[in-house]
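# Understanding the architecture of this molecule
Chain by chain, the residues:
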Amino acid sequence: QAKLFPAYFIFSALVVAISMMCAAALGYEVKSLGIILVTILMNVLYFEPETTRIMILRHAVERRLKTGHEIGQLKPSDPVKANDPELKALSKKFGMLHGVSTTLNMVALGFGCYWLNFLASLMGETIH
């Protein structure tokens, strides 16, 4: 994740920026593409690196507690480990950051669908 997501966000930002330039050159409104670009930049510049940083800290705490290897569990089965204050704080922060990042992705997806609908309507006008 620490290697894939930065590449994904950077590639996405480049593609959207190129799309914005092309659309603007053709005289189209680019607000929806601008919103997509802003959400991607928020992810690439803050949310992804901070989420990864917290994830790495959380993994270190899990190694110290000798947990985190349970498949399909969000927290340790052992109540002492599950209630470790540092693990709880990092898990809460990770969940919040991950949730905001996912929400930004959903916003970008929604505006991307809007943009594709706009392009499809232009194609429909061209055909008729």
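Figured I'd write up the structure that's included with this text. (Residues numbered from 1 in each chain as written. Predicted model: local features only at pLDDT ≥ 70, side-chain atom pairs only at ≥ 80, totals over all residues. Heavy atoms only, no water.)

## A few points about the side chain of Ser101
Relative to the helices and strands, Ser101 resides in helix H4 (residues 85-127). Looking at Ser101, the relative accessible area reads 11%, which means it is buried. Here Asn43 takes part through its side chain, which lies 2.7 Å from a polar atom of the side chain of Ser101. Once residues lying within four places of it in the same chain are set aside, the contact partners of Ser101 are Phe9, Asn43 and Phe47. (Helix = DSSP H or I, 4+ residues; strand = E, 2+ residues; numbered from the N terminus. Buried < 20%, exposed > 50% of the residue type's maximum accessible area, 1.4 Å probe, protein only. Polar contact = N/O pair within 3.5 Å; in protein donor to acceptor, adjacent residues only side chain to side chain. Contact = heavy atoms within 4.5 Å.)

## Some thoughts on the packing of aromatic side chains
Counted according to the given criterion, the structure contains five aromatic pairs. Summarising the aromatic geometry, the rings of Trp115 and Phe118 are spaced 5.1 Å apart at their centres and angled 35 degrees between planes, so their arrangement reads as tilted. You can see Trp115 and its partner Phe118 sitting in helix H4, three residues apart, about one turn around the helix. Every member of this aromatic cluster is reached through a ring pair, and the members are Phe5, Tyr8 and Phe9. (Phe/Tyr/Trp six-rings, centres within 6.5 Å; stacked < 30°, edge-to-face > 60°.)

## Some remarks on the packing of helix H2 (residues 31-65) against H4
A packed helix pair is summarised by two numbers, namely the angle formed by the two axes and the spacing between the axes. Look at H2 against H4: their axes get within 8 Å of each other, and the N-to-C directions meet at 155 degrees. As judged from the angle between their axes, H2 and H4 are roughly antiparallel. The element H2 and its partner H4 pack so that their crossing is left-handed. Of the residues in the contact of H2 with H4, the class split is 22 nonpolar, nine polar and six charged. (Axes fitted to C-alpha atoms, helices over the stretch in contact; angles between N-to-C directions. Parallel < 35°, antiparallel > 145°, perpendicular 65-115°, else oblique. Left-handed = near helix turned anticlockwise from the far one by under 90°. Nonpolar A, V, L, I, M, F, W, Y, C, P; charged D, E, K, R; others polar.)

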